[in-house]
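Each chain, written out:
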Amino acid sequence: MSGELPPNINIKEPRWDQSTFVGRASHFFTVTDPRNILLSKKQLENARKTIHDYRQGIVPPGLTENELWRAKYIYDSAFHPDTGEKMILIGRMSAQVPMNMTITGCMMTFYRSTPAVLFWQWINQSFNAIVNYTNRSGDAPLTVNELGTAYVSATTGAVATALGLNALTKHVSPLIGRFVPFAAVAAANCINIPLMRQRELKVGIPVTDENGNRLGESANAAKQAITQVVISRVLMAAPGMAIPPFIMNTLEKKAFLKRFPWMSAPVQVGLVGFCLVFATPLCCALFPQKSSMSVTSLEADLQAKIRETHPELRRVYFNKGL
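Please read these numbers as outputs of a predicted model, since none were measured by experiment. (Residues numbered from 1 in each chain as written. Predicted model: local features only at pLDDT ≥ 70, side-chain atom pairs only at ≥ 80, totals over all residues. Heavy atoms only, no water.)

### Quick look at the UniProt feature "transmembrane region" (unreviewed entry) in the protein chain
Taking the numbering used here, the UniProt-annotated feature "transmembrane region" (unreviewed entry) corresponds to residues 175-195, 230-247 and 267-287. Helix makes up 90% of residues 175-195 and strand 0%. Its end C-alpha atoms lie 32 Å apart. Helix makes up 86% of residues 267-287 and strand 0%. Its end C-alpha atoms lie 32 Å apart. (UniProt positions renumbered as here; feature names shortened; annotations may be inferred. Helix = DSSP H or I, 4+ residues; strand = E, 2+ residues; numbered from the N terminus.)

Written as structure tokens, this is what we have:
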């Protein structure tokens, strides 16, 4: 192996200790960095080549460890981990902040009329469908029917919740009405994510030992993984949809927004964006990406199989997804 770098840097795992919240947060601040969507095709290809070459034992002269890790995170931000294909731009994790701040900001600005609620909830769920498809698991690919069912169900659930809450809050303070979009998004996440990952609930997700050796598939592990992702997604949306309403409710009484009412949407989008810059990585870091559960919590047949082949094993590990 040529070059200055040692051959034993494990670039299959994140750079920071994933057993701590701080380590996981550092990892996700890098993964969700919006600047990654501005990288050129040439920069993405150079990162892909650097990672592939290093895995083959080839190191360009002068490549430093920091440059190798930077290439890894560029590669991870743009290429699917299972298929190696370049992901759709707006479906990448690095696009989460700019896309969500725009959509969420508009949902919270234009929430009073039924056509606006229908339009922005549809836009939001269309974006969620793209994100979920782009970040799908290679072991459990979605069929067109499953994708369509999840998309229609989540959109219907979000719109029905938003319209129902709008009707209930017509005679309450405007501040309470501003929280309707958050309730709709929370409801949609509870519907959308399990449906998008329904195949995992049916056939299970791969579980491994601590060294990554595959032991089988578990639907119980899928349930735990999906529950953690739903919690993370709802909490991720909370700051951007809970804090700005208080600020906007105050600002709209001031002379500036009364004089320039068209500024409400840009101000709202900016406030949501500021919240999401921190909420997105911090909520992704709430649970370890490599989650675990006790062998005794698995299905009976899988428990029996593991006891027969690995009698000393107490915990299994799995990728919870995002």
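### Structural notes on the domain arrangement of the protein chain
Under the domain assignment, the protein chain is made up of domain 1 (21-77) and domain 2 (95-319). Its C-alpha centre places domain 1 at a distance of 26 Å from the equivalent point of domain 2. Taken over both partners, the interface formed by domain 1 and domain 2 buries close to 960 Å², and the fraction arising from carbon and sulfur atoms is 80%. Linking domain 1 with domain 2 are 0 salt bridges. Seen at the junction of domain 1 and domain 2, the total is 1 residue pair in polar contact (both at pLDDT 80 or more). Residues that form the side of domain 1 that touches domain 2 fall into these classes: 6 nonpolar, 1 polar and 1 charged. (Domains from an automatic or database assignment. Buried area = accessible area lost by both parts, 1.4 Å probe. Salt bridge = Lys/Arg side-chain N within 4 Å of Asp/Glu carboxyl O. Polar contact = N/O pair within 3.5 Å; in protein donor to acceptor, adjacent residues only side chain to side chain. Nonpolar A, V, L, I, M, F, W, Y, C, P; charged D, E, K, R; others polar.)

### Focus on the layout of surface pockets
Of the volumes computed, that of the second largest pocket is approximately 240 Å³. As for the second largest pocket, its lining consists of 13 residues, of which Tyr111, Arg112, Asn166, Thr169 and Lys170 are closest to the centre. Taken together, the elements giving at least two residues each to the lining of the second largest pocket come down to helix H6 (144-168) and helix H7 (174-177). The class makeup of the residues in the lining of the second largest pocket is 5 nonpolar, 6 polar and 2 charged. (1 Å grid on protein atoms, 1.4 Å probe; cavity = no way out; pocket = protein on both sides within 12 Å on 5 of 7 lines; lining within 4 Å. Points joined across faces, edges and corners; volume = space filled by probe spheres on them.)

### What about the pattern of salt bridges?
Per the stated rule, a full pass over the model turns up 6 salt bridges. Note that arginine 35 is salt-bridged to aspartate 33, the shortest N-O span being 2.7 Å. The exposure class of aspartate 33 is buried, given its relative accessible area of 14%. One salt bridge connects lysine 86 with glutamate 45, and the closest N-O pair in it is separated by 3.9 Å. Highlighted residues: lysine 86 in the loop between helix H3 (65-78) and helix H4 (96-109) and glutamate 45 in helix H2 (residues 41-55), separated in sequence by 41 residues. (Buried < 20%, exposed > 50% of the residue type's maximum accessible area, 1.4 Å probe, protein only.)

### What about the packing of helix H1 (residues 21-31) against helix H12 (residues 264-284)?
Between H1 and H12, the shortest axis-to-axis distance is 8 Å and the interhelical angle comes to 130°. Judged by the inter-axis angle, H1 sits oblique to H12. Between H1 and H12 the crossing geometry is right-handed. Every residue of H12 that contacts H1 at Phe21, Ala25, Phe28 and Phe29 is listed here: Val277, Phe278, Pro281, Leu282 and Cys284. Here the residues of the contact of H1 with H12 are counted per class, giving 9 nonpolar, no polar and no charged. (Axes fitted to C-alpha atoms, helices over the stretch in contact; angles between N-to-C directions. Parallel < 35°, antiparallel > 145°, perpendicular 65-115°, else oblique. Left-handed = near helix turned anticlockwise from the far one by under 90°. Contact = heavy atoms within 4.5 Å.)

### Structural notes on the packing of H2 against H3
Contact geometry for H2 and H3: axes closest at 8 Å, N-to-C directions at 115°. As far as their axial angle goes, H3 and H2 are roughly perpendicular. Where H2 crosses over H3, the two elements pack in a sense that is left-handed. Between H2 and H3, the contacting residues are Gln43, Leu44, Ala47, Arg48, Thr50, Ile51, His52, Tyr54 and Arg55 on the first element and Leu68, Ala71, Lys72, Ile74, Tyr75 and Ala78 on the second. Classifying every residue of the contact of H2 with H3 by side-chain character gives 9 nonpolar, 3 polar and 3 charged.

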